[in-house]
Amino acid sequence: LVFDVRFLPNPFYITELKDFTGNDENVRSYVMKWEQTNKFIVKLIDMVDFLIPYYIKEGKSQLVIAIGCTGGKHRSVTIANVLYEDLKEKGYRVIVNHRDCEKV
C-alpha cells in the first residue's frame, strides 16, 4: 500500500525545521498541527484497521505500507511513525524504516 502525503504542509520550507526530520518533535508538532493531517490519520488508520484482518484471512504474513513525500524526511516520517505507534499499540509486529531520512 502506498500513500502520498505531499498534500500536507511541508516543514522543509520553514527555516527552523528544514534540517530536522519527522523523528524530531518540532517537525512532528508542525505536521500534526494541521486539520488535514489529523483527518488523514483517522482515515488511514481506519482503512488499515479494515484491511489487516482480510490480509490475515488470505494467509498473508506481511503487509508493506509505504508513506511518501517529496524528500522523505519530514511529512512521510511523521505519518509513518504515527501509524507505527498505532499498530504496535494494537499488538501487531511492526517494523518502521525511514529509507530517505538520512539522505542529504
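Engineer: So what's going on with the overall build of the protein? Residues and values would help.
Structural biologist: When helices and strands are tallied, the protein shows 3 helices and 2 strands. Moving toward the C terminus, one meets the helices and strands of the protein in the order β-α-α-β-α. Whereas a compact globule of 104 residues would reach a radius of gyration of roughly 13 Å, the protein reaches 14 Å, a difference of no more than 12%. Dimensions along the principal axes, computed over C-alpha positions, put the protein at roughly 45 × 30 × 20 Å. Expressed as a percentage of the 104 residues in the protein, the buried residues total 38%. In the protein, the share of contacts with a sequence separation of at least 24, taken over all contacts with a separation of at least 6, comes to 69%. Surface summary for the protein: the accessible area is close to 7100 Å², and the carbon and sulfur share equals 54%.

Engineer: So what's going on with the side chain of R75? Residues and values would help.
Structural biologist: Mapping R75 onto the fold places it in helix 3 (residues 75–89). Lacking a salt bridge, the buried R75 has D4 as its closest oppositely charged neighbour, with an N-O distance of 6.9 Å. If near-sequence neighbours (up to four positions away) are discounted, R75 is found in contact with V5, R6, L8, P9, N10, P11, V31, C69 and T70.

Engineer: Lay out the nonpolar core with the relevant residues and their values.
Structural biologist: By size, the foremost hydrophobic cluster in this structure holds 21 residues, and its most contacted members are V5, L44, I67 and I79. Secondary-structure elements contributing two or more residues to this core are helix 1 (25–32), helix 2 (35–57) and helix 3. In this view, L44 contacts F3, I67, I79 and L83; residues no more than four positions away in its chain are not counted.

Engineer: Outline helix 1, supporting the account with residue identities and numerical values.
Structural biologist: All buried positions along helix 1 are accounted for by V27, Y30 and V31. In a view along the axis of helix 1, the buried residues occupy a sector of 95 degrees, so they form one face of it. Buried residues along helix 1 sit against helix 2 and helix 3.

Engineer: Which residues make up the packing of helix 2 against helix 3, and what values go with them?
Structural biologist: The interhelical angle for the contact between helix 2 and helix 3, taken along N-to-C directions, is 45 degrees, at an axis separation of 11 Å. It follows from the interaxial angle that helix 2 and helix 3 lie oblique. Considering only the axes of helix 2 and helix 3, their crossing is right-handed. Where helix 2 abuts helix 3, its residues T37, F40, I41, L44, I45, V48, D49 and I52 lie against I79, V82, L83, D86 and L87. For the contact of helix 2 with helix 3, the per-class residue count stands at 10 nonpolar, 1 polar and 2 charged.

Engineer: Lay out helix 2 with the relevant residues and their values.
Structural biologist: Relative to the 33 Å expected for 23 residues at 1.5 Å per residue, helix 2 spans 34 Å between its end C-alpha atoms, a close match to the ideal helical length. Along helix 2, the residues classified as buried are T37, F40, I41, L44, I45, V48, L51 and I52. Summarising the contacts, the buried residues of helix 2 are in contact with strand 1 (2–4), helix 1, strand 2 (66–68) and helix 3. Backbone geometry just downstream of helix 2 places G59 in the positive-phi region, at approximately 85 degrees.

Definitions and cut-offs
- Residues numbered from 1 in each chain as written.
- Predicted model: local features only at pLDDT ≥ 70, side-chain atom pairs only at ≥ 80, totals over all residues.
- Heavy atoms only, no water.
- Helix = DSSP H or I, 4+ residues; strand = E, 2+ residues; numbered from the N terminus.
- Rg over C-alpha atoms; globule rule 2.2 N^0.38 Å.
- Buried < 20%, exposed > 50% of the residue type's maximum accessible area, 1.4 Å probe, protein only.
- Contact = heavy atoms within 4.5 Å.
- Areas by Shrake-Rupley, 256 points an atom, 1.4 Å probe, with all protein chains shown as cover.
- Lys, Arg positive; Asp, Glu negative; His and termini not counted.
- Salt bridge = Lys/Arg side-chain N within 4 Å of Asp/Glu carboxyl O.
- Core = buried A, V, L, I, M, F, W, Y, C linked by side-chain atoms within 4.5 Å.
- Arc of directions from axis to C-beta.
- Axes fitted to C-alpha atoms, helices over the stretch in contact; angles between N-to-C directions.
- Parallel < 35°, antiparallel > 145°, perpendicular 65-115°, else oblique.
- Left-handed = near helix turned anticlockwise from the far one by under 90°.
- Nonpolar A, V, L, I, M, F, W, Y, C, P; charged D, E, K, R; others polar.
- Expected span 1.5 Å × (residues − 1).

Honestly, it's all geometry; don't read function into it.
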